[in-house]
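Tertiary structure, described
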Amino acid sequence: MDSSVFFFIFFILLQISLSHSSLILPLTHSLSPTQYNTTHHLLKSTAARSATRFHHHRNRNHRQVSLPLTPGSDYTLSFSLGSQTISLYMDTGSDIVWIPFHPFDCILCEGKYNPISVPNPGPLNLTSATPITCKHRACSAIHSSAPSSDLCAMAKCSLEEIETGDCKSSPCPPFYYAYGDGSFIARLYEDTLSIPMSTPSFNLKKFTFGVAHSALGEPIGVAGFGRGPLSLPAQLARDSPDIGNYFSYCLISHSFDTTHVLRRPSPLILGHRYSGEEKSKNELTMNDNNGVVYSYTPMLENPKHPYFYCVGLEAISMGKRKIQAPNSMKRVDRKGNGGMVVDSGTTFTMLPAKFYDSVVSVFDTRVGAFYKRASEVEDRTGLSPCYYGDANEKFFRNVPQLVLHLGGNSTVVMPRRNYFYEFLENDGKVKRRVGCMMLMNGGAVADEEDPGGPAGLLGNYQQQGFEVVYDLEKKRIGFARRQCASLWDSLN
């Protein structure tokens, strides 16, 4: 065979192989038993911080990172920058990667995370990283698309250097990001990103990230997976589109019992695992080669918050009752208001006030007919409605099935444990079984005095037990019921 033909065939086979490659990373769920002395305390903290994060999403007037805010709801991943390994929160609600860096001053950060479940929290001291210059496109991206001439002027380049284009060595000016209950200041650097703990190992040169020397309320950095140009998937797609433009995760179900230990990590999969998919009768419902059914819903474009993964929620079924969602949940308007954000960094799902009340009314009609309302538990947990169970029953009966009806005729049938949490309450005198609905009131939708934003949010607790697929090329999000622990085993 002619050598040129041989290398041509080899090149084609190599491209086919690479086009279906994927990286498998472990996501670790962080739960700190040292911070919470009761289940009520943990639930109350998680509910409050879910609400804080959601309202921060809704009230952004400028680009800000939205960070995970509670150790009870965060998932961490690890990779290396240069020669050092760092553990960061994985967050689909933000679009930049940033790390704490020596010297690092963190205000009000004591007790903010569990050191046992965050193996490499930093801060780092990288000697191989190089600063991003004021003329670099990443500098413009982090500064809200400001012209490089303005940024170089901020970097104290001379007028002559700016006019002649010679201001190439001055570093990009620092940037400020604020979030729910904290903030940080950082500069942009680049270095080689390595994922040695993935299967297979992977390296990405000239990876851009923020380096923070000071932060308020956040000692752990973040790996932003949002739709912005500096997110981790976007930078992976620069060199490996098949890996960066398609990712999924499968969150292993956990409880808020601090004695319960998760023995396996949750798989984070970058890239396609299968060589193809088969269309079913519904073009937004797909079967993979292993027969797993994915229900896809289109992503909604948000002109004000383009980094969000927004979808449309058409209705919620509670048992046999189908409750239509308001128009604000179904679409995003020209001002960026509306839609539901799929967010890995917020624990509980948030619904607009009137829609939430309608869902609770139907739920309470079914469950409240059999069980007494536990208003004291609602006050202590921040969740509602809650009920006292029957002492003679191991589980609550008559809890209606919850189904999400998403855009594109997509349906997601929720397992009961994803929206109704049962636990034992001990008030010192008697143990009683308690159950609470795990959806939250997100408040009123945008009005003339409200800067608006998403109308609702799908939290990570409701995503447990599903493989959630982010297909950035086809602009859709898919859901498939999976045994996530088994999936991890099969992938490794």
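Residues numbered from 1 in each chain as written. Predicted model: local features only at pLDDT ≥ 70, side-chain atom pairs only at ≥ 80, totals over all residues. Heavy atoms only, no water.

What follows concerns the state of the cysteines. Scanning the model with the defined rule gives six disulfides in all. A disulfide bridge connects Cys106 with Cys109, and the sulfur atoms are separated by 1.7 Å. Looking along the S-S bond of the Cys106-Cys109 disulfide, the torsion reads about -50°, which is the left-handed sense. Since its relative accessible area comes to 10%, Cys109 is described here as buried. Note on cysteine connectivity: Cys157 is disulfide-linked to Cys167, with sulfurs 1.4 Å apart. Of this pair, Cys157 sits in the loop between helix 4 (148–154) and helix 5 (159–164) while Cys167 sits in the loop between helix 5 and strand 6 (175–179); the two residues are 10 residues apart in sequence, bridging distant segments of the chain. By the burial criterion, Cys157 is buried, and Cys167 matches it. (Disulfide = S-S within 2.5 Å. Buried < 20%, exposed > 50% of the residue type's maximum accessible area, 1.4 Å probe, protein only. Helix = DSSP H or I, 4+ residues; strand = E, 2+ residues; numbered from the N terminus.)

Taken together, the four strands give an open sheet; going across it, the order is 20-21-25-24, and neighbouring strands pair in antiparallel fashion. Strands with a single pairing partner mark the edges of an open sheet, and in this sheet they are strand 20 (372–373) and strand 24 (420–426). In the sheet, strand 24 pairs with strand 25 (residues 431–437) via seven bridges, with the strands oriented antiparallel. Bridging across to strand 25, Glu422 finds its partner in Gly435. (Pairing = 2+ DSSP bridges.)

Attention now moves to unusual backbone geometry. Following Gly122, the chain continues to Pro123 via a peptide bond in cis, the omega torsion being 5°. The step from Ser384 to Pro385 runs through a cis peptide bond, and the omega angle for that step is -5°. Mapped onto the elements of the fold, Pro385 is located in the loop between helix 10 (375–381) and strand 21 (386–388). With a phi angle near 55°, Leu108 is a residue other than glycine that sits in the positive phi range.

This part covers the pattern of salt bridges. This model, assessed by the stated rule, comprises 12 salt bridges. Close ionic contact of Arg373 with Asp364 constitutes a salt bridge, the shortest N to O distance being 3.6 Å. Classification of Arg373 as partly exposed rests on a relative accessible area of 33%. Given a relative accessible area of 26%, Asp364 falls into the partly exposed group. Between Glu467 and Arg482 there is a salt bridge, and its shortest N-O distance comes to 3.0 Å. With Glu467 in strand 28 (residues 466–471) and Arg482 in the loop between strand 29 (476–481) and helix 12 (484–491), the pair connects residues that are 15 residues apart, well separated along the chain. For the pair formed by Glu467 and Arg482, the shared burial category is buried. Connected via shared salt-bridge partners are Arg227, Glu301 and Lys475. (Salt bridge = Lys/Arg side-chain N within 4 Å of Asp/Glu carboxyl O.)

Our next topic: the nonpolar core. Counting 72 residues, the largest nonpolar core has Leu77, Phe79, Ile99, Leu268, Leu313 and Leu351 as its most contacted members. Among the elements that line this core, the one with the most residues is helix 9 (residues 353–367), at seven residues. The residues contacting Leu313, other than those within four sequence positions of it, are Ala325, Met329, Lys330, Met340, Leu351, Phe355, Leu404, His405 and Leu406. Counting residues in hydrophobic clusters, the runner-up holds 27 residues, among them Cys134, Ala141, Ala146 and Cys157. (Core = buried A, V, L, I, M, F, W, Y, C linked by side-chain atoms within 4.5 Å. Contact = heavy atoms within 4.5 Å.)

Attention now goes to helix 12. Buried within helix 12 we find Cys484, Leu487 and Trp488. One side of helix 12 holds all its buried residues, which, seen down the axis, span an arc of 100°. (Arc of directions from axis to C-beta.)

Our focus in this paragraph is the packing of aromatic side chains. Here the structure, examined in full by the defined rule, presents 19 aromatic pairs. A centroid spacing of 6.5 Å and a plane angle of 75° characterise the contact between Phe175 and Phe184, whose relative ring orientation is edge-to-face. Judged by its relative accessible area of 4%, Phe175 falls in the buried class. Look at Tyr177 and Phe184: their rings are 5.8 Å apart centre to centre, the planes differ by 40°, and that puts the pair in the tilted class. (Phe/Tyr/Trp six-rings, centres within 6.5 Å; stacked < 30°, edge-to-face > 60°.)

Should the pLDDT be low somewhere, the predicted coordinates at that spot are not to be read in detail. Per-residue pLDDT for the chain has a mean of 82; in total, 77% of the residues score no lower than 70. The weakest mean pLDDT in the chain belongs to helix 1 (residues 3–19) at 32; the strongest belongs to strand 22 (residues 402–406) at 98. When the criterion is pLDDT under 50, residues 61–73 qualifies, and its contacts beyond four places in sequence or with other chains add up to 73 contacts. A low-confidence stretch, residues 275–282 stays under pLDDT 50, and its non-local contacts, those more than four residues away or across chains, total 17 contacts. (pLDDT = per-residue confidence, 0-100.)

This paragraph deals with helix 9. Taking 1.5 Å of rise per residue, the 15 residues of helix 9 would be expected to cover 21 Å, and the 20 Å separating its terminal C-alpha atoms lies within 8% of that figure. Regarding helix 9, the residues found buried are Ala353, Phe355, Tyr356, Val359, Val360, Val362, Phe363 and Val367. (Expected span 1.5 Å × (residues − 1).)

On to the sheet that holds strand 23 (residues 410–414), then. With antiparallel pairing, four strands are arranged side by side in an open sheet as 17-16-22-23. The open sheet is flanked by strand 17 (321–324) and strand 23, the only strands paired with a single partner. This sheet shows a mean twist of 20° between the axes of neighbouring strands, independent of strand direction. Of the strand pairs in this sheet, strand 16 (residues 313–318) and strand 22 are connected by five bridges, and their pairing is antiparallel. The partner of Ile316 across the bridge, within strand 22, is Leu404. (Axes fitted to C-alpha atoms, helices over the stretch in contact; angles between N-to-C directions.)

With respect to burial, strand 22 is a largely interior element, five of its five residues being buried. Here strand 22 shows no split at all, with Leu402, Leu404 and Leu406 on one side and Val403 and His405 on the other all buried. When strand 22 meets strand 23, the two strands line up antiparallel, connected through five bridges. When the bridges of strand 23 are listed, Val403 appears paired with Val413. Where strand 22 folds back onto strand 23 in an antiparallel hairpin, the turn is made up of three residues, including Gly408, whose phi is positive at roughly 75°.

Among the structural elements, Ser183 can be located in strand 7 (residues 182–194). Residue class for Ser183 comes out buried when judged on its relative accessible area of 15%. Excluding residues within four positions of it along the chain, Ser183 makes contact with Tyr176, Tyr177, Ala178, Ala215 and Leu216.

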